[in-house]
Amino acid sequence: MKSLDLKGMGVALVTPFDTDHNIDYTSLEKVLDHVIGGGADYLVVLGTTGETATLDDDEKHAIRRFIAEKAGGRIPLIAGMGGNNTRRLVNEISSADLSGYSAILSVAPFYNKPSQKGLYCHFAEVAKASPLPVILYNVPGRTGVNISSATTLRLAADFPNIIGVKEASGNFKQIEELITNGPADFQVISGDDALTYPLMSLGAVGVISVVGNAFPKEFGKMVRLCLDGDFKSALPVHYRFQKLYDELFIDGNPAGIKYLLHEMGLIHNVLRLPLVPTSIETGNKIDRFLEAFS
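About the criteria used
- Per-chain numbering applies: the sequence of each chain, read as written, is numbered from 1 onward.
- Reporting of local features is limited, given that this is a predicted model, to residues whose pLDDT is at least 70; pairs of side-chain atoms are given and counted only at 80 or more, and all residues count toward the totals for whole chains, interfaces and linings.
- No hydrogens and no water enter the side-chain calculation; it runs on all heavy atoms of the structure.
- Numbering of helices and strands starts at the N terminus; helices are DSSP runs of H or I of at least 4 residues and strands are runs of E of at least 2.
- Two things to know: the radius of gyration comes from C-alpha atoms, and the globule rule equals 2.2 Å times the number of residues to the power 0.38.
- Residue burial is assigned from relative accessible area. The probe radius is 1.4 Å, only protein chains are included, and a residue is buried under 20% of its type maximum, exposed over 50%, and partly exposed in between.
- The contact criterion used is simple: two residues touch if any of their non-hydrogen atoms lie within 4.5 Å.
- Working convention for charge: Lys and Arg count positive, Asp and Glu count negative, and His plus the chain ends are omitted.
- Where a charge sits is defined by one atom per residue type, namely NZ (Lys), CZ (Arg), CG (Asp) or CD (Glu).
- Only one rule defines a salt bridge in this text: a Lys or Arg side-chain nitrogen within 4 Å of an Asp or Glu carboxyl oxygen.
- Only protein atoms enter the calculation, which uses a 1 Å grid: trapped sets of points that fit a 1.4 Å probe without letting it out are cavities, open sets showing protein on both sides within 12 Å along at least five of seven lines are pockets, and any residue with an atom within 4 Å of a point is a lining residue.
- Grid points are joined across faces, edges and corners, and a volume is the space filled by probe spheres set on the points.
- Throughout, the ten residues Ala, Val, Leu, Ile, Met, Phe, Trp, Tyr, Cys and Pro are labelled nonpolar, Asp, Glu, Lys and Arg are labelled charged, and all others, Gly among them, are labelled polar.
- When DSSP finds at least two bridges between two strands, those strands are taken to pair.
- The convention used is that axes are lines fitted to C-alpha atoms, helices contributing only their stretch in contact, and that angles between N-to-C directions extend from 0 to 180 degrees.
- For our purposes a nonpolar core is just a set of buried Ala, Val, Leu, Ile, Met, Phe, Trp, Tyr and Cys residues, chained together by side-chain atoms within 4.5 Å.
- Ring pairs are drawn from Phe, Tyr and Trp, using the six-membered ring of Trp, whenever the two centres fall within 6.5 Å, and their geometry is named by plane angle: stacked under 30 degrees, edge-to-face over 60, tilted for the rest.

**A look at the overall build of the protein**
(1) Moving on: Along the protein, the regular secondary structure elements total 12 helices and eight strands.
(2) Moving on: Computed over the C-alpha atoms, the radius of gyration of the protein is 18 Å, within 12% of the 19 Å expected from 2.2 N^0.38 for a compact globule of 294 residues.
(3) Moving on: Expressed as a percentage of the 294 residues in the protein, the buried residues total 55%.
(4) Moving on: In the protein, 72% of the contacts between residues at least 6 apart in sequence involve partners at least 24 apart.
(5) Moving on: Averaging the coordinates of the 27 positive side-chain charges in the protein and doing the same for the 33 negative ones gives two points 4 Å apart.

**Thoughts on the pattern of salt bridges**
It is possible for side chains of opposite charge to pair when their charged atoms get near one another.
(1) Moving on: A full pass over the atoms with the stated rule returns 13 salt bridges.
(2) Moving on: Its salt-bridge partner being E59, residue R272 comes within 2.8 Å of it at the nearest N-O pair. Placement of R272 in the loop between α11 (255-263) and α12 (280-293) and of E59 in helix α2 (residues 57-71) is noted, with a sequence separation of 213 residues between them. The burial state of R272 is the same as that of E59; both residues are buried.
(3) Moving on: E125 is paired through a salt bridge with K128; the nearest N and O atoms lie 2.9 Å apart. Highlighted residues: E125 and K128, both in helix α4 (residues 116-129), separated by three residues, approximately one helical turn.
(4) Moving on: When its relative accessible area of 56% is taken as the criterion, K128 is described as exposed.
(5) Moving on: Several salt bridges converge on common partners, so that one network encompasses D57, K60, R88 and E92.

**So, empty space enclosed by the protein**
(1) Moving on: Inspection of the entire model under this criterion finds one cavity of 30 Å³ or more.
(2) Moving on: Its boundaries defined by the atoms lining it, the largest cavity holds a volume of some 30 Å³.
(3) Moving on: Every residue lining the largest cavity is listed: L13, V14, T15, L28, V45, L46, G50, I63 and I67.
(4) Moving on: Within the lining of the largest cavity, the residues separate by chemical class into seven nonpolar, two polar and no charged.

**A short note on the sheet that holds strand β2 (residues 42-45)**
(1) Moving on: One closed barrel holds the eight strands; their spatial order is β1-β2-β3-β4-β5-β6-β7-β8, and the pairing between them is parallel. The sheet shows a mean angle of 25° between the axes of neighbouring strands, taken without regard to direction.
(2) Moving on: Sheet analysis places strand β1 (residues 8-12) next to β2, joined by three bridges and oriented parallel. Pairing of V11 across the sheet is with L43, part of β2.

**Details of the layout of surface pockets**
(1) Moving on: By volume, the largest pocket amounts to about 790 Å³.
(2) Moving on: Surrounding the largest pocket, 28 residues form its lining, T48, T52, A53, V107 and F110 being those nearest its centre.
(3) Moving on: Mapped onto the lining of the largest pocket, the elements with two or more residues apiece are α2, α3 (86-95), β4 (103-107) and α5 (140-143).
(4) Moving on: The element contributing the most residues to the lining of the largest pocket is α3, with three residues.
(5) Moving on: Of the residues belonging to the lining of the largest pocket, the class tally is 11 nonpolar, 11 polar and six charged.
(6) Moving on: Taken together, 16 residues line the second largest pocket, and the ones lying closest to its centre are Y137, G191, D192, V210 and F249.

**So, the environment of P183**
(1) Moving on: By the element assignment, P183 lies in the loop between α7 (172-181) and β7 (187-190).
(2) Moving on: Owing to a relative accessible area of 30%, P183 belongs among the partly exposed residues under this scheme.
(3) Moving on: In sequence terms P183 and L153 are 30 residues apart; their C-alpha atoms lie 8.0 Å from each other.

**Overview of the nonpolar core**
(1) Moving on: Core analysis: the largest hydrophobic core is formed by 86 residues, its most contacted members being L43, I67, F215 and F241.
(2) Moving on: Residues in contact with F215, not counting those within four places in the same chain, are G220, F241, L244, L260, F289, L290 and F293.
(3) Moving on: Listed in part, the 17 residues of the second largest apolar core include A12, I78, I135 and V205.

**Here we look at the packing of aromatic side chains**
(1) Moving on: Taken as a whole and assessed by the stated rule, the structure comprises 12 aromatic pairs.
(2) Moving on: A centroid spacing of 6.3 Å and a plane angle of 50° characterise the contact between Y120 and F159, whose relative ring orientation is tilted. Highlighted residues: Y120 in helix α4 and F159 in the loop between α6 (149-158) and β6 (162-167), separated in sequence by 39 residues.
(3) Moving on: According to the relative accessible area criterion, Y120 is buried, its value standing at 12%.
(4) Moving on: Given a relative accessible area of 14%, F159 falls into the buried group.
(5) Moving on: Aromatic pair F215 and F289: ring centres 6.1 Å apart, planes at 65°, arrangement edge-to-face. Pair noted here: F215 is in the loop between β8 (206-209) and α9 (216-227) and F289 is in helix α12, with a separation of 74 residues, a long-range link.

Listed below in structure tokens is the structure:
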């Protein structure tokens, strides 16, 4: 199985909706062109930022195919495929049309809070079922469970097609253990824009970014400088975005980034319940950042 180089800036794509809350493919194509034209290294389709939990199976299939058609060949694509019902997820992976995709990103099971043994067994089944390389996604703030470094390293050792982990635990000791002790070709990716600079200084290979939806060129510059080892030049870029990191997530993700993309003229500011748009106060803060940035 061919692996995938995850160095650089991946972008966790939003799913634009029209004012009737249907998928807005015209706006989705605008975002794709903006992100790819801005120099993103790869795209993550149907991740958390894509509001995947609010999409039905037909919509997910349609989005995967649309993006494969519009972006395929220009940039590697990663399909978000996760869940808390292992049997259902394995069936979905086995039956999905993943042509045009280079890997899957699979989040830890949420809500039912499995043990470390349960997490190992879950991802073992995912790895066995997947025709593509697998990237684990550890985000305990959303799922309620942390994939320990020991479990991640055991999975990486036992299943060669598990090629990396998107780490959003914020636990620097745990992440450093993964970077230090993982197999030679195992890739650790920041799952948090705000922590990308410090994690890359420890050896992470890049980020799967939310900010990159709006500022792929500018945020990607920082990532590339870090990859080149020029952390001195990258630091001012990190600080330039520091205020935005907080403001985009005040009202939850992707409310902040959707507001920002709307202000940039790329999408409607529409989310599906239970998510709602940012407050006026948060929007004003993002507006001030955008005015100062341009």
